[in-house]
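Coordinate analysis (summary)
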Amino acid sequence: FASRRSPFSAPLIVVASGLRAMRVANRIDFMVGFTFRDLSRGSKAYLFACCRQYLRLLLMRFKIDSVELQQALYRVQGIAARKSSMPILAHVLIRAEENGSLELTATDLDIGFIGRYKAEVEEPGSVAIHAKQLYEIVKSLGQSTITLGLQDNYWLEVKSGASRFRLVGMKP
């Protein structure tokens, strides 16, 4: 647990670690009137459940048409370097912005690509994902709406209909 002081000098208890703790600390203004030791066992379990639910909402999540995403990734995966001493060059940077746009960026240090597409952004954020793997998954899903959501430790969940895939991402 990390404890922080809010501007209102009440303790803020963050029930998370690493990146998620920082995001919660930045999002929640304050919690008033108790310390973690003052809570009963049932209250602690409830607090854990609430924090876990809140943390799920903090991470990047958006919906996009599969055909549009497939065309974008087709362009990107041709640029992203396959064999390089720098693994990040085989990745595409996906950035979902609050204004409802999705930005895909890739480079091989000679050629670069930046594309902007319309998407239903539920929560903004960014992640770097292996371009070829994501392209192959999106290509296999067919024509429907795809939901992409960022999870713990930069795992990207790709959902469409009954299909669900998880890819390891990198910190952008």
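Quick caveat: nothing in here was measured; it's all calculated off a predicted structure. (Residues numbered from 1 in each chain as written. Predicted model: local features only at pLDDT ≥ 70, side-chain atom pairs only at ≥ 80, totals over all residues. Heavy atoms only, no water.)

Observations regarding the overall build of the protein chain
The number of helices and strands found in the protein chain is four helices and eleven strands. Burial analysis of the protein chain (172 residues in total) assigns 40% to the buried set. Counting only contacts in the protein chain whose residues sit at least 6 apart along the sequence, the fraction spanning at least 24 positions is 56%. Counting only carbon and sulfur atoms, one obtains 52% of the accessible surface of the protein chain, whose full area is about 10,100 Å². (Helix = DSSP H or I, 4+ residues; strand = E, 2+ residues; numbered from the N terminus. Buried < 20%, exposed > 50% of the residue type's maximum accessible area, 1.4 Å probe, protein only. Contact = heavy atoms within 4.5 Å. Areas by Shrake-Rupley, 256 points an atom, 1.4 Å probe, with all protein chains shown as cover.)

A short note on the nonpolar core
In this structure, Phe62, Leu69, Leu104, Leu134 and Leu148 are the most contacted members of the largest nonpolar core, which totals 35 residues. Counting residues per element, this core draws most heavily on helix α4 (residues 131–141), at six residues. Ignoring sequence-local partners within four residues, the contact set of Leu104 consists of Leu69, Ala72, Leu73, Val76, Val92, Leu93, Ile94, Phe113, Ile114, Gly115 and Tyr117. (Core = buried A, V, L, I, M, F, W, Y, C linked by side-chain atoms within 4.5 Å.)

Structural notes on a nonpolar patch on the surface
On the surface, a cluster of nonpolar side chains totalling about 350 Å² of accessible area is made up of Met86, Ile88, Leu109 and Met170. For Leu109, the location among the structural elements is in the loop between β5 (101–107) and β6 (112–118). (Patch = residues over 30% accessible without salt bridge, like charges linked within 9 Å, V, L, I, M, F, W, Y side chains within 5 Å. Salt bridge = Lys/Arg side-chain N within 4 Å of Asp/Glu carboxyl O.)

Examining the side chain of Gln77
By secondary structure assignment, the location of Gln77 is in helix α3 (residues 66–79). Not counting the four nearest positions on each side in its chain, Gln77 is found in contact with Arg82, Ala131, Lys132 and Tyr135.

A short note on the packing of aromatic side chains
Counted under the stated rule, the structure contains one aromatic pair. Both rings, one in Tyr74 and one in Tyr135, keep their centres 6.0 Å apart while their planes meet at 50°; by these two values the pair is tilted. In this pair, Tyr74 sits in helix α3 while Tyr135 sits in helix α4, placing the two residues 61 residues apart along the sequence. Take Tyr74: its relative accessible area is 54%, and that puts it in the exposed class. Seen from the ring of Trp155, Arg166 lies directly overhead, with NZ or CZ sitting 4.6 Å from the centre. (Phe/Tyr/Trp six-rings, centres within 6.5 Å; stacked < 30°, edge-to-face > 60°. Lys NZ or Arg CZ within 6 Å of the ring centre and 35° of its normal.)

A short note on α3
Between its first and last C-alpha atoms α3 spans 20 Å; for 14 residues at 1.5 Å apiece the expected length is 20 Å, and the two agree. Every buried residue of α3 is listed here: Ser66, Leu69, Ala72, Leu73, Val76, Gln77 and Ile79. Relative to the axis of α3, the buried residues are bounded by an arc of 140° and lie together on one face. Buried residues along α3 sit in contact with β3 (61–65), β4 (91–96), β5, β6, α4 and β9 (145–150). (Expected span 1.5 Å × (residues − 1). Arc of directions from axis to C-beta.)

A short note on the confidence of the model for the protein chain
In low-pLDDT segments, the atomic positions of the prediction should not be examined closely. Residue-level pLDDT values for the protein chain average 77, and 66% of them are 70 or greater. The low-confidence segment residues 1–34 (pLDDT under 50) makes 59 contacts with residues lying over four places distant or belonging to another chain. (pLDDT = per-residue confidence, 0-100.)

As for unusual backbone geometry
You will see that Asn153, though not glycine, has its phi angle at about 55°, which is positive. The residue Tyr154 is not glycine, and still its phi comes out positive at about 65°.

Topic: the packing of α3 against α4
The interhelical angle for the contact between α3 and α4, taken along N-to-C directions, is 150°, at an axis separation of 9 Å. Relative to α4, the element α3 is oriented roughly antiparallel. α3 and α4 meet at a crossing whose hand is left-handed. Between α3 and α4, the contacting residues are Ser66, Leu69, Gln70, Leu73, Tyr74, Val76 and Gln77 on the first element and Ala131, Lys132, Leu134, Tyr135, Val138 and Lys139 on the second. Along the lines of polarity and charge, the residues of the contact of α3 with α4 split into eight nonpolar, three polar and two charged. (Axes fitted to C-alpha atoms, helices over the stretch in contact; angles between N-to-C directions. Parallel < 35°, antiparallel > 145°, perpendicular 65-115°, else oblique. Left-handed = near helix turned anticlockwise from the far one by under 90°. Nonpolar A, V, L, I, M, F, W, Y, C, P; charged D, E, K, R; others polar.)

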